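Chain residues, written in single-letter form:
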Amino acid sequence: MGQIKLILSNLGINSIIDIAIVYYVFYKGFMLIRDMRAKQLLKGIFLLIILIPIAEIFELHMVKWILDRTFQVGIIALVVVFQPEIRRALEYIGRTSMFSFSNLDKNSATSEYVIKEIVSATSSLARQKIGALMIFEQKIGLNDIVDSGTKLNAEISSGLLINIFIPNTPLHDGAVIIKDYSILAAGCFLPLTDNNLLSKDIGTRHRAAIGMTEKSDSIALIVSEETGYISYAIDGRLYRNIQIEELEHLLSSIYMESEKSNIFDKWRYRNEDKK
Ligand SMILES: Nc1ncnc2c1ncn2[C@@H]1O[C@H](COP(=O)(O)OP(=O)(O)OP(=O)(O)O)[C@@H](O)[C@H]1O
């Protein structure tokens, strides 16, 4: 007891920070590993980390040599196995633009107008079962995606959005990218998700929406051509067949709430609570 008191009294603020950082890194690392496909490989590497010093202590030179080489191969295998995760992380960092300024004046009349126009276009497209895919850019810039389509830089209007998605017109295939109050481009090609746990009945339009929101903080709005259902995706998760009130709420989160609030987390947790 006395010893514990002594240790505690000697703990400075930097020791506490030190412990907190190490705890956080290990905790996060563990949580990451727990969910990953490469669990067996990681187990093997941890085993090697334990076995190599043991082989050294008992001076088993040959065994140690083999374990050392296996460890090196294991590290390379780890990079190969985690390649999708590493690529995703690098893409995420690469897309983050420090100079992406927003012209959004939240709570303004323009925001209200834009919400009304998007709701009107989406409900009309849904009623007519016209497939549509809209991506709302957030903090992470989507310039490379915009470059894959036809640049418009047009004001948002219900008529224009409906027109873009009318079948057999030049821009109907692909996604529209929206930033603040502008339609930046149409006919854009999005990265498809590589999540193979998704239900087989989810087609490429919805997979593209999921893929885009996995690789950026954007929000995707989808109208299904097959069912007329309105859905949205955030953070790689798809919320299907939403009602107009929910769509209004989603758009309000984008256009109306305080800029300081993190729509991404707030919306995600709100929906997780509901499920
Ligand atoms: N990578 C992509 N990027 C952007 N749009 C895409 C992409 N892949 C498919 N699409 C759009 O999705 C359309 C095909 O949708 P598909 O029927 O395969 O998917 P779905 O999710 O079942 O949609 P729906 O419910 O509307 O039928 C394409 O014509 C194209 O407009």
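Up top is the structure these notes are about.
Residues numbered from 1 in each chain as written. Predicted model: local features only at pLDDT ≥ 70, side-chain atom pairs only at ≥ 80, totals over all residues. Heavy atoms only, no water.

K.L.:
Help me out: how do you make sense of the site of the ligand in this one?
P.N.:
D173, T204, H206, S224 and E225 are the nearest of the 16 residues found near the ligand. Residue T204 places a side-chain N or O atom 2.6 Å away from an oxygen atom belonging to the ligand. One of the backbone nitrogen or oxygen atoms of E225 is found 2.6 Å away from an oxygen atom of the ligand. When residues in the shell around the ligand are grouped by element, the largest group, four residues, is from helix α9 (residues 204–215). Residue classes in the shell around the ligand are distributed as seven nonpolar, five polar and four charged. (Near = heavy atom within 4 Å. Polar contact = N/O pair within 3.5 Å; in protein donor to acceptor, adjacent residues only side chain to side chain. Helix = DSSP H or I, 4+ residues; strand = E, 2+ residues; numbered from the N terminus. Nonpolar A, V, L, I, M, F, W, Y, C, P; charged D, E, K, R; others polar.)

K.L.:
Please explain the packing of aromatic side chains as it appears in this structure.
P.N.:
On inspection of all chains with the given rule, the structure shows three aromatic pairs. Plain terms: the ring middles of F136 and Y255 are 6.5 Å apart, the flat faces sit at 85° to each other, and that makes the pair edge-to-face. One end of the pair, F136, is in strand β1 (residues 132–136); the other, Y255, is in helix α10 (residues 244–255), and 119 residues separate them in sequence. Looking at F136, the relative accessible area reads 2%, which means it is buried. Judged by its relative accessible area of 1%, Y255 is buried. (Phe/Tyr/Trp six-rings, centres within 6.5 Å; stacked < 30°, edge-to-face > 60°. Buried < 20%, exposed > 50% of the residue type's maximum accessible area, 1.4 Å probe, protein only.)

K.L.:
Would you explain the nonpolar core in this entry?
P.N.:
Among the nonpolar cores identified, the biggest contains 36 residues, and I118, M134, F136, L161, I178 and Y255 are the most heavily contacted of them. Broken down by secondary-structure element, the contributors of at least two residues to this core are α6 (109–127), β1, α8 (158–165), β3 (175–179), β4 (182–188), β5 (219–223), β6 (230–234) and α10. No other element matches the seven residues that α6 contributes to this core. With near-sequence residues (within four places) excluded, I118 lies in contact with M134, F136, I156, L161, L221, L251 and Y255. Membership of the second largest hydrophobic core comes to 21 residues, among which are L133, V146, L190 and A209. (Core = buried A, V, L, I, M, F, W, Y, C linked by side-chain atoms within 4.5 Å. Contact = heavy atoms within 4.5 Å.)

K.L.:
Teacher, can you tell me more about the environment of T204 here?
P.N.:
Its place among the elements puts T204 in helix α9. T204 sits in the exposed class, given a relative accessible area of 56%. Separated by 11 residues in the primary sequence, T204 and T193 place their C-alpha atoms 9.1 Å from one another.

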